Amino acid sequence: MRGLMMDTPLLISSIIDHGATVYADREIVSQTVEGPIHRYTYAHARARSKQLANALASLGVHAGDRIATIAWNGHRHFEIYYAVSGMGAICHTLNPRLHPVQLDYIVNHAEDSYIFTDLTFVPLLEAIADKLTSVQGVVVMTDRANMPDTSLSNALCYEELIDNHSDEFAWPQFDENTASSLCYTSGTTGNPKGVLYSHRSTVLHSYGLALPDSMQLGEGHCVLPIVPMFHANAWGIPYAAPMTGVKLVMPGPRLDGASLTRLMTDEDVTMTAGVPSVFLGLLNHLEETNTRVPSLERVVIGGAAASQSMITAFEQKLGVEVRHAWGMTEMSPLGTVSVLKPDMRDAPEADRYEVQGKQGRPVFGVEMKIVDDDAKLLPHDGKAFGDLSVRGPWVCSGYYRMDHSPAHDADGWFATGDVATIDESWYMQITDRKKDLIKSGGEWISSVELENLASGHPEIAQAAVIAVPHEKWDERPLLIAVPKENASPTKETIQEYLAGLVPKWWVPDDVVFVDSLPLGATGKVLKTKLREQYASPHSGTPPKE
Ligand code: AMP
């Protein structure tokens, strides 16, 4: 027997309609690329999204067409999210930090018909323009006064484009499983793969994001997503914001510690979210200038492991709660969040930080399991580690225009490529990316754990551990570390420090000190680059992938 409930489709347009009516006066504040701060309301944002939807229709854009963006977090990018998906087309976010060769591959693979670009990325598009086979026009996200001289043929000005159009637009109603947006993974091997989100997955993911033990969003909050809108849709925050009535603050291109501190202080930001490398910059700035952001209550750190030292710096020095989260582009991206269970809140400090260092428990909507090499389920004892697989309504079921996905099995599970433990209370902890685990003398060493412990050394700012080939043990760990300013740690002091924390055979044979670590397109340490650089000289053998 079917239930007697309305079959209202879950559409992205309904989110902005809700925000523009129920939270009509709630603000979106943006640091623009041009310089000034821009400020308006959800009601105004919807009106401009509708103007843009009319403009796109006049350009001949139809449902299902791919419309790309290459832009920072800002109000115009927000409008494009809603206009494009709202009219039934697909919003394809491009990551400007990718190599130009990957960018033109992605645009051609997606067959994008228009690209919306911030002023910053006009030169980038000019450089690859002659390789883009499907693009009919480029819209520069600025006003007439700031339009650049460009070699791009058919460059349109955003403000002029929408100016001539009405803000009346009836969002079409369609099947909630219709594709809404597209984001390519920044895979380190092979071609990038397209993850195609649907309206349904996006709306359900937004509910998941808003839950109390997830990101806990609501009208009382003011959220600044540092995570870019080109990285897994800024973790879904631009969708969950009008759904829940949070004030949204967009940092534009200014992601340095000083700019973020200023914007967060001026706008009374209560929560922010991003990868550890940006928080490192923020923490350094706050420490150097001996400042705090008085309104800041919580940070969500994900995308790479948050070290214990980062968690304690936020909590002890700044009184800011850390929520460690894990996910993937393929998962919209939210998978797990680490929030202490009520009976853990009074536990000794060390025990609490250990739990917060884990990647957390699954949000409703995400099922997860760990399995061994024979696909046998592993126990939840916090010790057994194996391949982490997930499934759920906001996990991808395949890749865009790829007939076969080796990561999906017959029962619909998606193999994440991460290796993890799960404990009795369902707290999951990432041990490593499968390809980053170190196998020494037949035993596994977790690079993530070594990195975490090494960054806890008082003289180390950032650490990465990679495997280097070894004649006797197959692989041994090498620690590559960035010392803190004015500190001069030695290999011996670091090795001694680690020897007190891990089994003797885990201690890296060598420590290399560098000024900075190479970061990839989503702000994570590029281990492939480190392997290229450091794996071969130590052994004389070519770097391993
Ligand atoms: P992306 O799709 O670029 O967001 O990358 C997803 C991958 O980032 C995951 O499969 C993990 O390997 C890694 N990742 C994300 N969050 C965390 C975290 N909190 N701790 C460790 N690794 C993480």
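Residues numbered from 1 in each chain as written. Predicted model: local features only at pLDDT ≥ 70, side-chain atom pairs only at ≥ 80, totals over all residues. Heavy atoms only, no water.

Undergrad: Help me out: how do you make sense of the overall build of the protein chain in this one?
TA: Scanning the protein chain from terminus to terminus reveals 15 helices and 25 strands. Its C-alpha radius of gyration of 23 Å places the protein chain within 12% of the 24 Å reference for a compact globule of 545 residues. When the backbone C-alpha atoms are referred to their principal axes, the protein chain occupies close to 70 × 60 × 50 Å. For the protein chain, buried positions account for 57% of its 545 residues. As displayed, the protein chain has an accessible area near 22,900 Å², and 50% of this comes from carbon and sulfur atoms. Looking at the protein chain, you have 44 positive and 68 negative side-chain charges, and the mean spots of the two groups are 2 Å apart. (Helix = DSSP H or I, 4+ residues; strand = E, 2+ residues; numbered from the N terminus. Rg over C-alpha atoms; globule rule 2.2 N^0.38 Å. Buried < 20%, exposed > 50% of the residue type's maximum accessible area, 1.4 Å probe, protein only. Areas by Shrake-Rupley, 256 points an atom, 1.4 Å probe, with all protein chains shown as cover. Lys, Arg positive; Asp, Glu negative; His and termini not counted. Charge placed at Lys NZ, Arg CZ, Asp CG, Glu CD.)

Undergrad: Which parts of the structure should I look at to understand the site of the ligand?
TA: Inspection of the region around the ligand gives 14 residues, with A325, T329, Q359, D418 and K524 positioned closest. A distance of 2.9 Å is found between an oxygen atom of the ligand and a side-chain nitrogen or oxygen belonging to R433. Notes on the ligand: free accessible area 500 Å², of which the protein chains cover 89%. Tallying contributions element by element places strand β14 (residues 321-327) first for the shell around the ligand, with 4 residues. (Near = heavy atom within 4 Å. Polar contact = N/O pair within 3.5 Å; in protein donor to acceptor, adjacent residues only side chain to side chain.)

Undergrad: Is there a simple way to think about the pattern of salt bridges in this case?
TA: Working definition: two side chains of opposite charge can pair if their charged atoms are close together. Evaluated as defined, the whole model comprises 24 salt bridges. For R39, the salt bridge identified is with E27, shortest N-O distance 3.4 Å. Note that R39 is positioned in strand β2 (residues 37-41) and E27 in strand β1 (residues 27-31), a separation of 12 residues in sequence. For R39, a relative accessible area of 41% translates into the label partly exposed. What makes E27 partly exposed here is its relative accessible area of 23%. Here K527 and E451 are joined by a salt bridge, their closest N and O atoms 2.6 Å apart. (Salt bridge = Lys/Arg side-chain N within 4 Å of Asp/Glu carboxyl O.)

Undergrad: Looking at this structure, I do not really get helix α3 (residues 75-86). What am I missing?
TA: One full turn of an α-helix is made of 3.6 residues, so residues set three or four places apart face in the same direction. In this model α3 runs 16 Å from its N-terminal to its C-terminal C-alpha over 12 residues, within 8% of the 16 Å that 1.5 Å per residue would give. Where burial is concerned, most of α3 is hidden: 12 out of the 12 residues are buried. Listed in full, the buried residues belonging to α3 are H75, R76, H77, F78, E79, I80, Y81, Y82, A83, V84, S85 and G86. A positive phi of about 100° marks G88, the residue just after α3. (Expected span 1.5 Å × (residues − 1).)

Undergrad: Help me out: how do you make sense of the domain arrangement of the protein chain in this one?
TA: How big an interface is tends to be expressed through the accessible area that disappears when the partners come together. Considered domain by domain, the protein chain is made up of domain 1 (12-210), domain 2 (363-433) and domain 3 (438-533). The C-alpha-based centres of domain 1 and domain 3 are spaced at 40 Å. Each partner contributes residues to the interface: domain 1 has 5 residues there, and domain 3 has 5 residues. Here domain 1 packs against domain 3, burying approximately 350 Å² in sum over the two surfaces, 60% of which is carbon and sulfur. Where domain 1 touches domain 3, the interface holds 0 salt bridges. Taken together, the connections running from domain 1 to domain 3 amount to 2 residue pairs in polar contact (both at pLDDT 80 or more). Of the residues contributing to the side of domain 1 that touches domain 3, the split by class is 1 nonpolar, 3 polar and 1 charged. (Domains from an automatic or database assignment. Contact = heavy atoms within 4.5 Å. Buried area = accessible area lost by both parts, 1.4 Å probe. Nonpolar A, V, L, I, M, F, W, Y, C, P; charged D, E, K, R; others polar.)

Undergrad: Looking at this model, I keep getting lost on the environment of A129. Mind explaining?
TA: With respect to the helices and strands, the residue A129 is situated in the loop between α5 (122-128) and β6 (137-140). Separated by 23 residues in sequence, A129 and L152 place their C-alpha atoms 7.1 Å apart.

Undergrad: Is there a simple way to think about unusual backbone geometry in this case?
TA: Where the residue is not glycine, phi is negative for most of them; where a peptide bond is considered, it is trans in most cases. Between S332 and the following residue, P333, the backbone shows a cis peptide bond with an omega angle of 15°. Counting through the fold element by element, P333 comes out in the loop between β14 and β15 (334-338). In the Ramachandran plot, A375 falls in the positive-phi region, its phi being about 65° despite a non-glycine side chain. On the secondary structure map, A375 appears in the loop between β17 (367-371) and β18 (386-391). You can call A375 exposed: its relative accessible area is 58%.

Undergrad: Which parts of the structure should I look at to understand the sheet that holds β14?
TA: Strands belonging to one sheet form pairs held by backbone hydrogen bonds; the direction of such a pair is parallel or antiparallel. Taken together, 9 strands build an open sheet; the order of strands is β2-β1-β11-β10-β12-β13-β14-β15-β16 and the sheet is mixed. The open sheet is flanked by β2 and β16 (361-362), the only strands paired with a single partner. Pairing of β15 with β16 involves 2 bridges; the strand directions are antiparallel. For V337, the partnering residue across the bridge sits in β16 and is R361. Here helix α10 (residues 276-289) sits on the sheet in contact with β12 (271-274) and β13 (298-301), set at roughly 130° to β12. (Pairing = 2+ DSSP bridges. Axes fitted to C-alpha atoms, helices over the stretch in contact; angles between N-to-C directions.)

Undergrad: What should I look at first to understand the sheet that holds strand β7 (residues 155-157) in this one?
TA: Taking strand neighbours across the sheet as the criterion, the 7 strands line up as β7-β6-β5-β3-β4-β8-β9 in an open arrangement whose pairing is mixed. Whereas interior strands pair on both sides, the edge strands pair on one side only; in this sheet they are β7 and β9 (194-198). Shown here is a sheet whose adjacent strand axes are inclined to one another by a mean of 25°, direction ignored. Of the strand pairs in this sheet, strand β4 (residues 90-93) and strand β8 (residues 179-184) are connected by 3 bridges, and their pairing is parallel. Considered in β8, the bridge of H92 is made with L182.

Undergrad: Before we go on, may I ask you to explain the nonpolar core in this structure?
TA: A general tendency of soluble globular proteins is for nonpolar side chains to be buried together. Counting residues in each nonpolar core, the largest one holds 139 residues, and the members touching the most others are L52, F78, F116 and F314. Both of domain 1 (12-210) and domain 2 (363-433) provide at least three residues apiece to this core. Excluding residues within four positions of it along the chain, L52 makes contact with E79, I80, A83, F116, Y158, L161 and I162. The next biggest cluster of nonpolar side chains, apart from the first, holds 16 residues, and it includes I445, L479, V502 and W506. (Core = buried A, V, L, I, M, F, W, Y, C linked by side-chain atoms within 4.5 Å.)

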